[in-house]
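Examination of the molecular architecture
What follows is each chain in one-letter form.
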Amino acid sequence: MALSIAFWILAIVAIVSALSVVLLRNVFRSALALILCFLSVAGIYVTLQADFLAAVQVLVYVGAISILIILALMLTRNVPQGSPTNTLRIPALLVAVFFFIVVAWALANTPWQLSTTAPVTPTTAVIGEKLFGVSGFILPVEITPILLLAAILGAIVIAREK
Amino acid sequence: MAIGLGHYILLATLLFAIGLYGALAKRNAIVILMCIELMLNAVNIAMVGFSRFVTPALLTGQVFAIFIIVVAAAEATVGLAIVIAIYRNRQTIDASQIDLLKW
């Protein structure tokens, strides 16, 4: 019961803030709406009993990526422009609506093999086991820092002053 | 009504459709990147939803979602660096004006 209420509130906040990101004219307010969307997605992870992932979402998305986006917004002030739409407005809307209808139809017509076992909580130990344990995802864990190093070096080289 | 798999997947699809519209229809390059982050978050919700309702014992969806978050962070970094470099050279980040490679 409480889970249903929490889900509906978080879902409505997520959708309204996502619409605000796309429809608001002031690009800084779009960034703030994006932060609200990230926070409500973290709440949705909590309703899905994914507590470690909710903490990671807040730390990485809200704590780092949002700050980076606002930093880039402040460095590229384009005050008269704001956040306009281009000429592909109507086809983009049609594509988005068509995508939603197709996926909703596929969702309704697929016989999902739902499991009734309770989810495992807390998830931190199990995720640690999955990432670092035997037959775990240790290879992606080792490749990820290389990706991050490449991204950091690439960003520095691209954005530095000549 | 109990919240089931369908609710979470519909929410993820709706967020993805909103992000898709924004990524296709906006001109500000940073807003396009923000909508791409929206789409990645929507996919994460779908991943975790499937993991919770179809195979609750293996947390494969959550592990995948962690890696998606990492890749999204790396991609946002490089994308925003490119946008800053473009702004430094052309004084604009309007995607409809940065069309040198267009046909």
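Every value quoted in this text rests on a predicted model; they were computed, and no experiment measured them.

Approximately 330 Å³ is the volume attributed to the largest pocket. Taken together, 15 residues form the lining of the largest pocket, with Ala95, Ser96, Ile98, Asp99 and Lys102 of chain B sitting closest to its centre. Split into classes, the residues belonging to the lining of the largest pocket amount to seven nonpolar, four polar and four charged. Each pocket or cavity is described by its volume, and for the second largest pocket that value is around 190 Å³. Around the second largest pocket, the lining is made up of 12 residues, and of these Asn26, Val27, Phe28, Arg77 and Asn78 of chain A lie nearest the centre. Looking at the lining of the second largest pocket residue by residue, the classes come out as six nonpolar, five polar and one charged.

On to the interface of chain B and chain A, then. Contact residues are listed per partner, giving 68 residues for chain B and 81 residues for chain A. For the pair chain B and chain A, the two sides together bury roughly 6,800 Å², of which 78% comes from carbon and sulfur. At the boundary of chain B with chain A, the tally comes to one salt bridge. Mapped by element, the contributors of at least two residues to the side of chain B that touches chain A are α1 (5–25), α2 (29–54) and α3 (60–90) of chain B.

On the secondary structure map, Thr76 of chain A appears in the loop between α3 (51–75) and α4 (89–108). Under the relative-accessibility criterion, Thr76 of chain A is labelled buried at 4%. Only 2.8 Å separates the side chain of Thr76 of chain A from the backbone oxygen of Ala72 of chain A, close enough to count as a polar contact. Every residue in contact with Thr76 of chain A, bar those within four places of it in the chain, is listed here: Ile30, Ile84, Tyr87 and Ile93 of chain B.

Here we take up unusual backbone geometry. Cis geometry marks the peptide bond from Thr121 of chain A to Pro122 of chain A; its omega dihedral reads -10°. If you check the backbone angles, Gln49 of chain A has positive phi at about 60° while not being a glycine. Take Gln49 of chain A: it is sitting in the loop between α2 (27–47) and α3. One non-glycine residue, Gln91 of chain B, adopts positive backbone phi at about 60°. Within the secondary structure layout, Gln91 of chain B lies in the segment after α3.

Within the structure shown, the criterion is met by six aromatic pairs over all chains. With centroids separated by 4.8 Å and ring planes inclined at 65°, the aromatic side chains of Phe7 of chain A and Tyr8 of chain B adopt a geometry described as edge-to-face. Of the two residues, Phe7 of chain A sits in helix α1 (residues 2–23) while Tyr8 of chain B sits in helix α1, which places them in two different chains. The class of Tyr8 of chain B is buried, set by a relative accessible area of 2%.

Residues and elements named next belong to chain B. Of all residues in chain B, 100% have pLDDT values of 70 or greater, and the mean over the chain is 93. The lowest-confidence element of chain B is α3, averaging 94 in pLDDT; the highest-confidence one is α1, averaging 96. In the predicted complex, the global pTM is 0.94; the interface-specific ipTM is 0.94.

On to the pattern of salt bridges, then. Following the criterion strictly, the structure yields two salt bridges over all chains and no others. Residues Arg88 of chain B and Glu161 of chain A are paired through a salt bridge, measuring 3.9 Å at the closest nitrogen-oxygen approach. Of this pair, Arg88 of chain B sits in helix α3 while Glu161 of chain A sits in the segment after α6 (138–159), which puts the two residues in different chains. Its relative accessible area of 33% is what places Arg88 of chain B among the partly exposed residues. Where Arg27 of chain B meets Asp94 of chain B, a salt bridge forms, and the shortest distance between an N and an O atom there is 3.0 Å. Of this pair, Arg27 of chain B sits in the loop between α1 and α2 while Asp94 of chain B is found in the segment after α3, placing the two residues 67 residues apart along the sequence.

Quick notes on the rules
Residues numbered from 1 in each chain as written. Chains lettered and ligands numbered in written order. Predicted model: local features only at pLDDT ≥ 70, side-chain atom pairs only at ≥ 80, totals over all residues. Heavy atoms only, no water. 1 Å grid on protein atoms, 1.4 Å probe; cavity = no way out; pocket = protein on both sides within 12 Å on 5 of 7 lines; lining within 4 Å. Points joined across faces, edges and corners; volume = space filled by probe spheres on them. Nonpolar A, V, L, I, M, F, W, Y, C, P; charged D, E, K, R; others polar. Contact = heavy atoms within 4.5 Å. Buried area = accessible area lost by both parts, 1.4 Å probe. Salt bridge = Lys/Arg side-chain N within 4 Å of Asp/Glu carboxyl O. Helix = DSSP H or I, 4+ residues; strand = E, 2+ residues; numbered from the N terminus. Buried < 20%, exposed > 50% of the residue type's maximum accessible area, 1.4 Å probe, protein only. Polar contact = N/O pair within 3.5 Å; in protein donor to acceptor, adjacent residues only side chain to side chain. Phe/Tyr/Trp six-rings, centres within 6.5 Å; stacked < 30°, edge-to-face > 60°. pLDDT = per-residue confidence, 0-100.

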